[in-house]
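Fold and geometry: a report
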Amino acid sequence: MKRYFLIATIIIVFLSESAFSQPVPNVDENIPFLMTFGNKAETSWGDDDFSSTFFFLLPKSHNQPVFIRVYDPDSGGDIDELAGVWDSRTTFSVYGGKGCWSDKAAQGTETTGNYKSGTLLATKTFGEEPRYDKNYYTFGPFNPSEGEYTERWDGNVFKIICEGISGDDGNMYRYFLSTDANSDKPVEGANAFAYEYSFRMHNNPEEVSHIYPFVDDQTVTVRLSNFDWDSDGFIRTVSVARKGQLSPVSAEDVWETSEFKILDAEKNTSLDIQFIKKKTPPIKNNNVVIYVKNQYGQNLEFFTSPIGGVPKYKYSIGVKPVQQ
Ligand SMILES: [Ca+2]
Ligand SMILES: [Ca+2]
Ligand SMILES: [Ca+2]
């Protein structure tokens, strides 16, 4: 309980600093699109399980309806990844209510068990639909009380699951949590998080994408798992106490794992895990998957607005003082 209180306190401080945090992926992540393939795709295209889960967190004080907007929910047109003919169908489903987040299966990365926990509030399936190409579909309105209130995050949580239910094309999309059905109007103090990111890397090798896992005070070790990185560069972790820890990336269609110990100063802060592309030859259309677990095998949350802000290495923390 003490741990929850501490985290809630940190989040309250953080929320008051960050008012505009609802694009998913967010600006600081510099991730072009989330990505989910149809379930007939080869995993070598970069999606391990054809399913992707995101959570939206509303601060307890927010009592107005919200909308979850999906940008480019269809598979077709310019943004998505074609394999043969456009035949992927993708289902987006919004869940709230008891268990939508707190059920342990919802906090995993596997499409097994009761990961579709909670109350189904809305669902819609998209094929190739020019109407939604480079356009939004809006779910909602949802009342905050339709989410699941959680003490750990001191707010109401909604879940959206994106599943590729047929075909073999890749669906690229983004989310926006909005107070308005027809435009992107951020919910003040809201945030979003996931336990696994399936996403598209930039084509430009100069672009660096990021995720920001939150390290709580119980975390001793973190273990990074990444999939189908096509040997595209390397992973670098920066934190308040870590100048740049390198981790290996996976080759095509395989997982790579690596782990490192958490430093005391990193507890209750976010890590900045950076994905740095290979300069030559540039790898194009690279779809990848990543998750991070602690020493108990629990998945760390990646907040789209990192808790405590983007961590900056502080020399005075990272270097032990020299005895005079
Ligand atoms: Ca799409
Ligand atoms: Ca196809
Ligand atoms: Ca890939």
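Provided above is the structure to which this section pertains.
Residues numbered from 1 in each chain as written. Chains lettered and ligands numbered in written order. Predicted model: local features only at pLDDT ≥ 70, side-chain atom pairs only at ≥ 80, totals over all residues.

The next subject is the overall build of the chain. Each helix and strand counted, the chain has 2 helices and 22 strands in total. Compactness check: the chain gives a C-alpha radius of gyration of 19 Å against a globular reference of 20 Å for 324 residues, within 12% of the reference. Seen through its principal axes, the chain has C-alpha atoms that stretch 70 × 50 × 35 Å. In the chain, which comprises 324 residues, the proportion classed as buried is 48%. The contacts in the chain between residues at least 6 apart in sequence include a share of 82% that link residues at least 24 apart. (Helix = DSSP H or I, 4+ residues; strand = E, 2+ residues; numbered from the N terminus. Rg over C-alpha atoms; globule rule 2.2 N^0.38 Å. Buried ≥ 20, exposed ≤ 12 C-beta atoms within 10 Å, placed from the backbone. Contact = placed C-beta atoms within 7 Å.)

The biggest cluster of nonpolar side chains holds 68 residues, and the ones touching the most others in it are F55, F56, L57, I68, F158, I160 and L177. Dropping the residues within four chain positions of it, L57 is found in contact with W153, G155, V157, A190, N191, A192 and F193. (Core = buried A, V, L, I, M, F, W, Y, C linked by C-beta atoms within 7 Å.)

Taken across its 9 residues, strand β3 (residues 51-59) has 9 buried, putting it largely inside the fold. Burial along β3 is two-sided: the residues S51, T53, F55, L57 and P59 and S52, F54, F56 and L58 are all buried. Relative to strand β9 (residues 155-166), β3 runs antiparallel, the two sharing 9 bridges. Bridge pairing in β9 places P59 opposite G155. (Pairing = 2+ DSSP bridges.)

Next up on the list: the sheet that holds strand β13 (residues 208-211). Here we have 4 strands laid out as an open sheet, ordered β13-β20-β16-β17, and antiparallel in their pairing. Among the strands making up the open sheet, the edge pair consists of β13 and β17 (242-247). The mean angle between the axes of side-by-side strands here comes to 25°, regardless of whether they run parallel or antiparallel. Where strand β16 (residues 234-239) meets β17, 4 bridges bridge the pair, whose relative direction is antiparallel. Bridging from a neighbouring strand, R236 pairs with L246 of β17. (Axes fitted to C-alpha atoms, helices over the stretch in contact; angles between N-to-C directions.)

This next bit is on unusual backbone geometry. Here the residue pair V24 and P25 is connected by a cis peptide bond, since its omega of 0° sits within 30 degrees of zero. Here P25 lies in the loop between β1 (23-24) and β2 (33-37). Despite not being glycine, D228 has its phi angle at roughly 55°, a positive value. Relative to the elements of secondary structure, D228 occurs in the loop between β15 (221-227) and β16. The exposure class assigned to D228 is buried, which follows from the 24 C-beta atoms found within 10 Å. Phi at D253 is positive, roughly 65°, even though this residue is not glycine. Position of D253 relative to the elements: it lies in the loop between β17 and β18 (255-261).

Next up on the list: the environment of N299. Counting through the fold element by element, N299 comes out in the loop between β21 (287-294) and β22 (302-303). Judged by the 17 C-beta atoms lying within 10 Å of it, N299 falls in the partly exposed class. Between the C-alpha atoms of N299 and T90, which are 209 residues apart in sequence, the distance is 25 Å.

For K134, the position within the fold is in the loop between β6 (119-126) and β7 (136-142). On a C-alpha basis, the gap between K134 and F275 in space is 26 Å, while along the polypeptide they are 141 residues apart. If sequence neighbours within four positions are ignored, K134 has contacts with D72, G77, D78 and I79.

Tracing the sequence through the fold places T257 in strand β18. Sequence separation of T257 and T138 is 119 residues, and the distance between their C-alpha atoms is 37 Å.

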